[in-house]
Amino acid sequence: MHPEAKSAQADLINLKRKIDAGANHVITQFFFDIENYLRFRDRCASIGIDTEIVPGILPVTNFKQLQKMASFTNVKIPTWLAKAYEGLDDDQTTRNLVAASVAMDMVKVLSREGVHDFHFYTLNRSELTYAICHTLGVRPNL
């Protein structure tokens, strides 16, 4: 739900208005709970939103920055994710590996659920997203 929305239902109705006015795709904010994304996609379909709902994937390279962003956007940080970053404040290499692993796992699960397109929030760190895509088999056309 958008952080400024009055309710989840009001937010969904507003999204439907945007689609009806001509928007042809939807990109979600970043998230970590795949089940919530799937429920949102189902709720969209139930009110006639038939465009693809592109999931926003955030490879987390800085957990403190994530906590700050999550507080602004009402995104819940799961306990398992917080535990994965414990003790890594001074270990950028391992944080990058955790970030890549989580992002790749999310893409693989979402792909099995029929998702074809993904939006990566790179936060000006495109090299990590490039490596994630490369590992997933996405290559530039040469």
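Above this text you will find the structure in question.
Values in this document were obtained by computation on a predicted structure and should not be read as measured data.

### Things to note about the side chain of Arg 95
Relative to the assigned elements, Arg 95 resides in helix H5 (residues 92–112). For Arg 95, which is buried and forms no salt bridge, the nearest opposite charge comes from Asp 89, at a distance of 5.7 Å. Discounting chain neighbours no more than four positions away, the residues touching Arg 95 are Val 60, Thr 61, Asn 62, Tyr 85, Leu 88, Asp 89 and Asp 90.

### Observations regarding the sheet that holds strand E2 (residues 53–57)
What the three strands build is an open sheet, ordered E1-E2-E3; its pairing is parallel. The open sheet is flanked by strand E1 (26–30) and strand E3 (119–120), the only strands paired with a single partner. Across the face of the sheet, H5 comes into contact with E2 and E3 while running at roughly 165° to E2.

### Some details on the packing of H5 against helix H6 (residues 126–135)
Contact geometry for H5 and H6: axes closest at 10 Å, N-to-C directions at 45°. Classified by the angle their axes make, H5 and H6 are oblique. Crossing of H5 over H6 shows right-handed handedness. For the pair H5 and H6, the contacting residues are Asn 96, Ala 99, Ala 100, Ala 103 and Met 104 in the first and Leu 128, Ile 132 and Thr 135 in the second.

### Some thoughts on the packing of aromatic side chains
Here the distance between the centres and the angle between the planes together describe a pair of aromatic rings. Under the counting rule described, the total for this entry stands at three aromatic pairs. Plain terms: the ring middles of Phe 30 and Phe 32 are 6.0 Å apart, the flat faces sit at 65° to each other, and that makes the pair edge-to-face. Of the two residues, Phe 30 and Phe 32, both sit in the buried class. Consider the rings of Phe 63 and Tyr 85, whose centres lie 5.4 Å apart with planes at 20°: the pair is stacked. Taken together, the residues span a long stretch of sequence, with Phe 63 in helix H3 (residues 63–73) and Tyr 85 in helix H4 (residues 79–85) at a distance of 22 residues. By the burial criterion, Phe 63 is buried, and Tyr 85 matches it.

### Describing the packing of helix H1 (residues 8–20) against helix H2 (residues 34–46)
Contact geometry of H1 with H2 gives a least axis separation of 10 Å together with a crossing angle of 55°. Between H1 and H2, the angle falls in the class oblique. Pair H1 / H2 crosses with right-handed handedness. Contact residues: Ala 8, Gln 9, Leu 12 and Leu 15 in H1; Phe 40, Arg 43 and Cys 44 in H2. When its residues are assigned to classes, the contact of H1 with H2 shows five nonpolar, one polar and one charged.

Calculation notes
- Residues numbered from 1 in each chain as written.
- Predicted model: local features only at pLDDT ≥ 70, side-chain atom pairs only at ≥ 80, totals over all residues.
- Heavy atoms only, no water.
- Helix = DSSP H or I, 4+ residues; strand = E, 2+ residues; numbered from the N terminus.
- Buried < 20%, exposed > 50% of the residue type's maximum accessible area, 1.4 Å probe, protein only.
- Lys, Arg positive; Asp, Glu negative; His and termini not counted.
- Salt bridge = Lys/Arg side-chain N within 4 Å of Asp/Glu carboxyl O.
- Contact = heavy atoms within 4.5 Å.
- Pairing = 2+ DSSP bridges.
- Axes fitted to C-alpha atoms, helices over the stretch in contact; angles between N-to-C directions.
- Parallel < 35°, antiparallel > 145°, perpendicular 65-115°, else oblique.
- Left-handed = near helix turned anticlockwise from the far one by under 90°.
- Phe/Tyr/Trp six-rings, centres within 6.5 Å; stacked < 30°, edge-to-face > 60°.
- Nonpolar A, V, L, I, M, F, W, Y, C, P; charged D, E, K, R; others polar.

These results come straight from atomic positions and should not be treated as a statement about function.
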